[in-house]
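These are the residues of each chain, in order.
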Amino acid sequence: MNKFKKFIYNDNTVGYVFALPFIFGFLCFSLVPMVTSLYYSFTDYSLGTKSASFVGLSNFARLFTDDIFIKSLGITLKYVLISVPLKLAFALFVAFLLTRKSKAVTLYRSLYYIPSLVGGSIAVALVWKQIFARKGLINSVLDGFGLSAINWFGDEKLALFPLILMSVWQFGSSMIIFAAGLKEIPTSYYEAAMIDGAGGWKKFLKITLPCLSPIILYNLIMQTISAFMAFTQAFVITQGGPNNGTMMYALYVYNQAFKYNNMGYACSMSWVMLVVMSIITLVIFKSSKFWVFSEADS
Amino acid sequence: MKKRIFALFLAALMILSLASCGKKEESEDIVLRMAWWGSQTRHDRTVQVIEMYEKEHPNVKIEYEFYSFDDYFTKLKTLVASDQVWDVFQLGGNFPEYMDKIYFLNEFIKSGVVDTKNISDAYLKITQDTDGNQIGLSNGLNTYGIAYDVDMFKAAGVPLPTDTWTWDDYADAARKIKAATGHFGSSGFTSSEFIAGCSTYIGQQGALGENGFFNLELTGMGFKDAQMLAPYIQMRADLIKEGASPDAGAEMEITNIENDFLVTGEAGMTWVAVNQFPTIYDICAKEGRTLALATLPRVSKDGNSGSVIQSSQMLCVSKDSEHKQAAAEFISWFQNSTECNDVLQGERGIPINDNVRKSLTANATPGQQVMYDYVSLVGTFKTPDKINVLSPSGQDQVVDLYRNYIQQVAKGEITAAEAADLTYKAAEAIFK
């Protein structure tokens, strides 16, 4: 019994027991599916017929002749490049506004956080679809000002922007993290800067941004990854149209896998996506030493 | 310590025995899983008859799920992959893709579990495969048509469609309605458009039965010259460009037949599978508008109609089912019970059981009467001896591509001739 007690109270055991739910989840719901999908990416597996024969690299070769794939890659990159900086800037701005000492701050923070909570949900996407519909809120307002209505989802060039705007609107989680980071910056820095005669803007550029840069890096990476995986908006609002103008990468993977019965092809697409995402994340990491300020270095 | 462990052990034992108790009870009760796609009306009515069935059969519990058309098949594909297809499930002309999962009704018909006394052989045949296996029982007869708003035609000064109107008449009507009312001439209920429009257009060309979109055996294309599609694609693209038909953005706002632009009063016509007609007729009648059904336009006045009466959809038993007989019993009741069909009201198509059909036609609502008359009219059209109304696996992708090509033609990115070639190639590719 004593041995058992010793074992159970051992720090390592306790650690593993607490980590067990994650380890279990990771093995069953991440690692196994990933390995399976890697295998399927070299086959012509399809859900409907359940047959899978080895086809080598032909799925990957086919990607480069698939116009919709290439288009979706471009659109997703565009979406990431526009939505992530906008979202981070907006989140930082709101977090900045909400660092003032006031009792209402907690309320406001919770309010702004709610959109993130319901973030990728179908309900929000449906609301968004209505707002930008031909006779939706935005067009009614435009109409009220005597402007002509805009056909948001009918024009290939415009259709992506409501989706980007929706992602920006879900800035809550980044904002909370920014707000926490802002609180960590010692007020003595600002006081010193004030004595030296620095203005508000200068304080922001010279103190806030550098002190916050590790957190910006974190948010940047998390948001970039989640932006690459954006799916709900495109699936619910536009279904990839018009003319595949909002065919996000994840949506095309879904279509190939579940709608067109090309699971093997979809798996190979997912792996290409993983590689693209890894490269971009790596670039962000590598670049971080030029702009992320850590107190240990200085 | 030892005591505690013993107590724990006892508790665990108790829970286990309790759980096994629960299981025993379940095995006496039968739980059937069932799913279908359709509109809200269908969901409401089907749920109602399921509750009726459960009341009559206290040992049967039916767990039901319902979806829109696209989502239904997405879900079905995942269930096929995990060998968990619903006990009773609905399939349409795309059943060949799911053949591996369908449990034929042959033995149940032989043993009398499925009652086919009042169903004529001709109606049984429409849901049999080429070897005579009974794949399912058809929920009803169906055909495609164009539903239109009578007043909108009159307001635009367009003559009402005749039985032999042509695609030129159709496009002309759409343009005039747009010009006179500012609304869409023709809406785009796209789930029906590919079959009712594009595919029918091919069948209307050449001699009777010479052409079809896919061949009879579903092993390849049913026509040789891709350019046969071009005029139709050109017409669709022109109507979109001129605003007489919804563009991709507007089309996205239509999620099912009940909010199609024809029903919301923003369009003069739309494509329908005629079993959908009574529902939308009733909705519009409440608002004081009258809908009517027109035949599918033809390529030429005296040419083929291209229309065919087919099974709208059927209920099948799945091979994954643990209660195949109970599932078959339910299907039999669903098809043959007049009480059940009085609730369903032929919403899935005109029932194939003679008694049920008689009882329904005797009390037909005005909207249903239009549908019955229309189906008899189409029944008088000349049809080829053999016709293929089935969809091959992979058709979804072809349809998505085809729609996209039309949008590209409307935008002027490609010509209709190129779109026809591309569509043909995409369709050919699914057989390779």
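Because the structure is predicted, anything quoted here is derived from the model rather than measured.

Enquirer: Which parts of the structure should I look at to understand the overall build of chain B?
Expert: Tallying secondary structure elements over chain B gives 17 helices and twelve strands in all. Relative to the globule expectation of 22 Å for 432 residues, the C-alpha radius of gyration of chain B, 24 Å, shows essentially globular dimensions. With the C-alpha coordinates of chain B rotated into their principal frame, the extents come out at 90 × 50 × 45 Å. Each of the 432 residues in chain B was classed as buried or not, and the buried ones make up 54%. Taking the intrachain contacts of chain B between residues at least 6 apart in sequence as the baseline, contacts between residues at least 24 apart amount to 74%. As displayed, chain B has an accessible area near 18,800 Å², and 53% of this comes from carbon and sulfur atoms. Positive and negative charge centroids in chain B, built from 38 and 57 side chains respectively, lie 4 Å apart.

Enquirer: So what exactly am I meant to see when it comes to the packing of helix H6 (residues 122–131) of chain A against helix H8 (residues 160–169) of chain A here?
Expert: Two measures define how a pair of helices packs: the angle their axes make with one another and the distance between the axes. Residue and element names in this part refer to chain A. Between H6 and H8, the least distance of the axes is 11 Å, while the angle of their chain directions is 135°. As far as their axial angle goes, H8 and H6 are oblique. For the element pair H6 and H8, the recorded crossing hand is right-handed. Together, Val 124, Ala 125 and Trp 128 of H6 and Pro 162, Leu 165, Met 166 and Trp 169 of H8 make up the contact between the two elements.

Enquirer: Explanation requested: the confidence of the model for chain B in the structure shown.
Expert: Interpretation of the predicted coordinates at a detailed level should be avoided for regions scoring low in pLDDT. Residue and element names in this part refer to chain B. For chain B, per-residue confidence averages 87 on the pLDDT scale, and residues scoring 70 or more make up 93% of the total. In the model, residues 18–27 has pLDDT below 50 throughout and makes zero contacts with residues more than four positions away in sequence or in other chains. As a predicted assembly, this complex carries a pTM of 0.84 together with an ipTM value of 0.81.

Enquirer: Just to check I follow, could you spell out the domain arrangement of chain A for this structure?
Expert: A common way to express how large an interface is: the accessible area buried when the components associate. Residue and element names in this part refer to chain A. Looking at chain A, the domain boundaries give domain 1 (1–40) and domain 2 (58–291). Placing the centre of domain 1 and that of domain 2 at their C-alpha centroids yields a distance of 33 Å. Between domain 1 and domain 2, the contact holds four residues from the first and five residues from the second. On the surface where domain 1 and domain 2 come into contact, there are zero salt bridges.

Enquirer: Got a minute to help me understand the interface of chain A and chain B in this structure?
Expert: Contacts between the two partners involve 29 residues from chain A and, on the opposite side, 32 residues from chain B. Counting each side, the surface lost to burial between chain A and chain B is near 2,500 Å², with a carbon and sulfur contribution of 47%. Contact with chain B buries area across many residues of chain A, yet Arg 134, Asn 243 and Lys 259 of chain A alone supply 25% of it, more than any other trio. The interface formed by chain A and chain B holds four salt bridges in total. Glu 266 of chain B serves as the salt-bridge partner of Lys 135 of chain A, at 2.8 Å between the closest nitrogen and oxygen. Across the chain A-chain B interface, the total number found is 15 residue pairs in polar contact (both at pLDDT 80 or more). Mapped by element, the contributors of at least two residues to the side of chain A that touches chain B are helix H12 (232–238) and helix H13 (249–259) of chain A. Here the element with the most residues in the side of chain A that touches chain B is H13 of chain A; it accounts for four residues. For the side of chain A that touches chain B, a count of residues per class yields twelve nonpolar, eleven polar and six charged.

Enquirer: What is the right way to look at the pairing of strand E10 (residues 291–294) of chain B in this model?
Expert: Within a regular beta strand, the side chains point alternately toward one face of the sheet and then the other, so they alternate between its two faces. Residue and element names in this part refer to chain B. Side-chain alternation along E10 places Leu 291 and Leu 293 on one buried face and Ala 292 and Ala 294 on a second face that is also buried. Direction of pairing for strand E7 (residues 144–149) relative to E10: antiparallel, over a ladder of four bridges. Bridging across to E10, Ala 147 finds its partner in Leu 293.

Enquirer: What is the right way to read the domain arrangement of chain B from this model?
Expert: All names here are of chain B. Looking at chain B, the domain boundaries give domain 1 (29–140 + 312–362) and domain 2 (144–307 + 383–429). A straight line from the C-alpha centre of domain 1 to that of domain 2 covers 29 Å. Each partner contributes to the interface: domain 1 provides 14 residues, whereas domain 2 provides eleven residues. At the junction of domain 1 with domain 2, the criterion picks out one salt bridge. Notably, a salt bridge pairs Asp 396 with Lys 77, separated by 3.7 Å at the nearest N-O pair. Linking domain 1 to domain 2 there are four residue pairs in polar contact (both at pLDDT 80 or more). With three residues, helix H2 (residues 40–56) is the largest single contributor of residues to the side of domain 1 that touches domain 2. Grouping the constituent residues of the side of domain 1 that touches domain 2 by class yields two nonpolar, seven polar and five charged.

Enquirer: I keep staring at the state of the cysteines and nothing clicks. Help me out?
Expert: Put plainly, two cysteines are in a disulfide when a covalent bond ties their sulfur atoms together. Residues and elements named next belong to chain A. As enumerated under the stated definition, the model contains zero disulfides over all chains in all. In this structure Cys 267 is a free cysteine whose sulfur lies 18 Å from that of Cys 28, the closest cysteine sulfur available. Classification of Cys 267 as buried rests on a relative accessible area of 6%.

Thresholds, definitions, all that
Residues numbered from 1 in each chain as written. Chains lettered and ligands numbered in written order. Predicted model: local features only at pLDDT ≥ 70, side-chain atom pairs only at ≥ 80, totals over all residues. Heavy atoms only, no water. Helix = DSSP H or I, 4+ residues; strand = E, 2+ residues; numbered from the N terminus. Rg over C-alpha atoms; globule rule 2.2 N^0.38 Å. Buried < 20%, exposed > 50% of the residue type's maximum accessible area, 1.4 Å probe, protein only. Contact = heavy atoms within 4.5 Å. Areas by Shrake-Rupley, 256 points an atom, 1.4 Å probe, with all protein chains shown as cover. Lys, Arg positive; Asp, Glu negative; His and termini not counted. Charge placed at Lys NZ, Arg CZ, Asp CG, Glu CD. Axes fitted to C-alpha atoms, helices over the stretch in contact; angles between N-to-C directions. Parallel < 35°, antiparallel > 145°, perpendicular 65-115°, else oblique. Left-handed = near helix turned anticlockwise from the far one by under 90°. pLDDT = per-residue confidence, 0-100. Domains from an automatic or database assignment. Salt bridge = Lys/Arg side-chain N within 4 Å of Asp/Glu carboxyl O. Buried area = accessible area lost by both parts, 1.4 Å probe. Polar contact = N/O pair within 3.5 Å; in protein donor to acceptor, adjacent residues only side chain to side chain. Nonpolar A, V, L, I, M, F, W, Y, C, P; charged D, E, K, R; others polar. Pairing = 2+ DSSP bridges. Disulfide = S-S within 2.5 Å.

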